[in-house]
Structure formats: C-alpha cells, structure tokens
Amino acid sequence: MRALLLFLSHQEGFKNFMLRFRIFRQTAWRFVAGETLDDAVQAVREANAQGIRASLDLLGENTKSQDDAEKAGREVTGILDRINTEKVDSNVSVKLTQLGLDLGTDYCYANLIRIVRHAHELKNFIRIDMEGSHYTERTLDIVLRARRESENVGAVIQAYLYRSEDDVRLLLENATRIRLCKGAYLEPESLAFKKKSRTDENFVRLMKMLLDSGLYNAIATHDEAMIAATREYADRKNVTKDKFEFQMLYGVRRDLQLLLAQEGYNVRVYIPFGLRWYPYFMRRLAERPANVFFILRNLIKG
Ligand code: FDA
C-alpha cells in the first residue's frame, strides 16, 4: 500500500482524478494549514500560543522552469519578512527541487543562498528538507556550501538510508545542524532499510550521535518509542532540554506535541501551506493506512 501511494504521488492522471472528490481535498486540510500565507501565519500563531515553535513550508517540488524556481525563491523571502513583521516564532523549511535543483546545482545554489543571506540578516534559519535519494548527494553538497557562508542553514537526515551515518558524521564535522527523520520516499532495498525495525534501530543510533554532538539538532518523529529513547538518552547523558528540539508535522499527534511542550521540551511543528499540496499529502497518506481507509470509507458512503 505504501509503495503504491508513493508511486501515485507522481502520477498527474491519478492526481486529477482524485481532486474531483471533495473528501480527498478535505482530508488534505488536516495536514496542510491552508492555501495562503495568511492561513499559515494563523497556524503558527496557534502553535506559538501553546508554546510550540513552527517551521513554515511553502509547498512545491520539482520546479520545471527558472521562472517558477525564482518565483518560489521570492515567495520564501517574503515568508521570512512576514515572520519578522508578525513577530511569530517560526523558521522556514525549503525543498531544493522547488528552488530549481533539477535545473542545475549551481543555479539552485544561487537561488538558495539569496534566501539564506536574507534569513541571516533577519536572524532566522533555513532548513533544507531532504527529498528522494536521487537528490541526497547534491542536497548535502549545497547545504555544506551554504553552511560555509552562514550558520543559519541546516540539513535533514533520513534514518532509512544506509549512507546516513556517514552523512551525519560529515555534517557534524562541519558544525551543521541536523533534523533527523525516518524518511518518506520510495527507495530501493539497495539504498534503504525496508524493515521498520531496522530504520528504528538506525534512528536511535543517529539520534545518539546528534545528542552527543553539542549542536542544537532536531529529532523529528511521532513515534513514541523513538521519543522515549531520545528522552532516556538525553537524561542519561545530561543533555538538557534546551540543547535539542522535537519536531512533528502539522495535524499529526497534536496531543503529543502539546504534552512534550508542557513538559518543557522544545517542540517545533512543521507547517506546510500552499496550492501544491498533492505530493506532500500522498506521503502523509502513505505513512498511515488508516488515513486512506478514512477516505475510502467516505467515498463509498458517497
Ligand atoms: P512512524 O511512521 O513509525 O509513525 C509513528 C506514529 O506516528 C504512527 O503510529 C502514528 O501514530 C503517527 N503518524 C506518523 N505519520 C502519520 C500520518 N501521516 N498520519 C497520522 N499519524 C501518523 N521525511 C523526509 O524524507 N524528508 C524530510 O525532509 C522530512 N521532514 C520532516 C519534518 C518533520 C518535522 C517531521 C516530523 C517529519 C519529516 N519527514 C521528512 C517525514 C518522516 O520521514 C516520516 O515519514 C514521518 O515523520 C513519519 O514517521 P514517524 O517518525 O512519525 O514514525
């Protein structure tokens, strides 16, 4: 089921078919804050009121033209300005394929670094999301290149990839902050663990490297076992609560987000918004069959 949904996340025909169903669009709003920056800022305010920080994400990936990539760059710069004027507590996450990675590495870097410089001026932070393994090497190269210019940029590491331990080491040697997640794309067995238990073992191994590093890193998961392992390790190693943060997705385990924040942990919620929500939403469906059954049940009810 997971593989099928991830495959369908790239199929325009299926997308157009599904968009005709209201329940499909309605379910998306559980995971996406809305179509506009106003909607997203409202969601940030609500999170902040509960003691939770945010990371805003303008949805979009695999941009096909320079016009679109530059437009996305300008919009992200605008998000940083808006965070600044509204005085809300949020940084920004970006995907490099939205900023033109398919159009060339140097081109994408030039687009990104304008954003990173702007974030630097505003004392904000840009997190570079990690996409499919086809992009891992280039994404890390660009992050490290940007990191040499500014400390206001960080990477994402996916625990399901075999290569991730080496990548964590390289990023930490270069004092680059990391968000650790399990990984959300369809990957071959030659590159990624297929069994959840193996991904989880690697997640815990990498989490320990992050907590030992002394850098302010992020543990991004809703998995209670991963969260318990992080808390236990932090306690054992005297890594205080201000030295790392938990991150979760908008619309997922709000109860857990709030609980951790109330216990004094730093919690950040990833808030996506915008018109291009389809692939993001399909990845969220793929993570949890119950989400798909909810839609199917409602489609049948009709
Ligand atoms: P797991 O999938 O084992 O889920 C644990 C529990 O969480 C489930 O039992 C369920 O209760 C709940 N849950 C998880 N997903 C749910 C969903 N969609 N709907 C409802 N409940 C759900 N990936 C990536 O490849 N690149 C990236 O840049 C990022 N960025 C990122 C940022 C942040 C802040 C988070 C939290 C996650 C990402 N991810 C990501 C996604 C990540 O790789 C992973 O796919 C999801 O977080 C789900 O994995 P869990 O760690 O939650 O565990």
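Before reading further, recall that the structure is shown in the block above.
Rules of the game
- Once a new chain begins, its residue numbering starts again from 1 and follows that chain's sequence as written.
- Local features in a predicted model are, by the rule used here, given only for residues with pLDDT of at least 70; side-chain atom pairs are given and counted only at 80 or more, and totals for whole chains, interfaces and linings are based on all residues.
- By convention in this description, side-chain values take in all heavy atoms of the structure and omit both hydrogens and water.
- Secondary structure follows DSSP: runs of H or I at least 4 residues long count as helices, runs of E at least 2 residues long count as strands, and numbering of each begins at the N terminus.
- Using a 1.4 Å probe, the Shrake-Rupley method yields the accessible areas, and only the shown protein chains count as cover for residues.
- Lys and Arg are tallied as positive, Asp and Glu as negative. Neither His nor the chain termini are counted.
- Working definition for charges: the position is that of NZ of Lys, CZ of Arg, CG of Asp or CD of Glu.
- Side-chain rings of Phe, Tyr and Trp (the six-membered ring for Trp) are treated as a pair once their centres are within 6.5 Å; stacked means planes under 30 degrees apart, edge-to-face means over 60, and tilted covers the remaining angles.
- Working definition: with a 1.4 Å probe on protein chains only, accessible area under 20% of the residue-type maximum means buried, over 50% means exposed, and in between means partly exposed.
- DSSP calls a pair of strands paired once it identifies at least 2 bridges connecting them.
- Clockwise travel from the first strand over the helix to the second, with the strands pointing away from the viewer, marks a crossover as right-handed.
- Should a side-chain nitrogen of Lys or Arg be within 4 Å of a carboxyl oxygen of Asp or Glu, the pair is scored as a salt bridge.
- We call a residue near a given molecule or strand whenever any one of its heavy atoms falls within 4 Å of it.
- Polar contact is defined as a pair of N or O atoms within 3.5 Å, subject to the rule that within protein one atom must be able to donate a hydrogen and the other to accept it, and that residues adjacent in sequence are counted only when both atoms are side-chain atoms.

Caption draft 1: Spatial organisation of the overall build of the protein chain. In terms of regular secondary structure, the protein chain is built from 13 helices and 8 strands. For the protein chain, the spread of C-alpha atoms along the three principal axes comes to 55 × 45 × 40 Å. Of the roughly 14,000 Å² of accessible surface on the protein chain, a fraction of 51% belongs to carbon and sulfur atoms. Placing the 47 positive and 41 negative side-chain charges of the protein chain at their respective mean positions leaves the two points 4 Å apart.

Caption draft 2: Representation of the packing of aromatic side chains in the model. Here the structure, examined in full by the defined rule, presents 12 aromatic pairs. Pairing Phe24 with Tyr278 gives two aromatic rings, centres 6.3 Å apart and planes at 45°, and the pair type is tilted. With Phe24 in helix H3 (residues 22-31) and Tyr278 in helix H12 (residues 278-287), this residue pair connects regions lying 254 residues apart in the sequence. Here Phe24 falls in the buried class, since its relative accessible area comes to 2%. Residue Tyr278 is classed as buried on the basis of its relative accessible area, which comes to 5%. Taking the centre distance of 5.9 Å and the plane angle of 70° together, the rings of Trp277 and Phe281 count as edge-to-face. Accessibility classification places Trp277 together with Phe281 in one group, the buried group. Put simply, the rings of Phe24, Trp29, Phe31, Trp277, Tyr278 and Phe281 touch in pairs and so form one group of aromatic residues.

Caption draft 3: Structural context of unusual backbone geometry. With a phi close to 50°, Asn62 is a non-glycine residue in the positive phi region. Positive phi, normally seen in glycine, also occurs at Ala175, with a value near 50°. Locating Ala175 in the fold gives a position in the loop between helix H8 (164-173) and strand E5 (178-181).

Caption draft 4: Structural context of the pairing of strand E7 (residues 244-249). For E7, the tally of buried residues reaches 6 of 6 residues, placing the bulk of the element in the interior. Relative to E7, strand E6 (residues 217-220) runs parallel, the two being bridged by 4 bridges. If you follow Asn217 over to E7, its bridge partner there is Phe244. Taken together, E6, helix H10 (residues 224-236) and E7 form a β-α-β motif whose crossover is right-handed. Relative to strand E8 (residues 266-273), E7 is paired through 5 bridges, and the arrangement is parallel. By the bridge assignment, Leu249 is partnered in E8 with Tyr270. Taken together, E7, helix H11 (residues 254-262) and E8 form a β-α-β motif whose crossover is right-handed.

Caption draft 5: View of the pattern of salt bridges. Applying the stated rule across the entire model yields 27 salt bridges. For the salt bridge of Arg145 with Asp106, the shortest nitrogen-to-oxygen distance reads 3.1 Å. With Arg145 in helix H7 (residues 136-149) and Asp106 in helix H6 (residues 105-121), the pair connects residues that are 39 residues apart, well separated along the chain. The exposure class of Arg145 is partly exposed, given its relative accessible area of 30%. Residue Arg169 pairs with Asp166 through a salt bridge whose shortest N-O separation is 3.5 Å. Of the two residues, Arg169 and Asp166 are both situated in helix H8; the distance of 3 residues between them amounts to about one turn of the helix. Accessibility expressed as a relative area gives 52% for Asp166, which makes it exposed. One continuous salt-bridge network, built from bridges that share partners, spans Asp38, Arg45, Arg82 and Glu86.

Caption draft 6: Representation of the site of the ligand. Residues in contact with the ligand amount to 26 residues; listed here are only the nearest, Met130, Gly183, Thr221, His222 and Glu287. Ala184 is positioned such that a nitrogen or oxygen atom in its backbone is 3.0 Å from an oxygen atom of the ligand. The contact in question runs from an oxygen atom of the ligand to an N or O atom on the side chain of Lys196, over 3.1 Å. Burial of the ligand by the protein amounts to 87% of the accessible area it has alone, namely 930 Å².

Caption draft 7: Inspection of H12 at higher detail. When you tally the buried positions in H12, you get 9 out of 10 residues, the bulk of the element. Restricting attention to buried positions, one finds in H12 the residues Tyr278, Pro279, Tyr280, Phe281, Met282, Arg283, Arg284, Leu285 and Ala286.

Caption draft 8: Focus on the pairing of strand E2 (residues 90-94). Counting buried positions along E2 gives 5 out of 5 residues, so the element sits mostly inside the fold. Every second residue of E2 is oriented toward a common face, with Ser90, Val92 and Val94 on one face and Asn91 and Ser93 on the other, all of them buried. After leaving strand E1 (residues 53-58), the chain enters helix H5 (residues 66-86) and then returns to the sheet as E2, a path that is right-handed. Pairing geometry for E2 and strand E3 (residues 126-128), over 3 bridges, is parallel. Along E3, the bridge assignment pairs Ser93 with Arg127.

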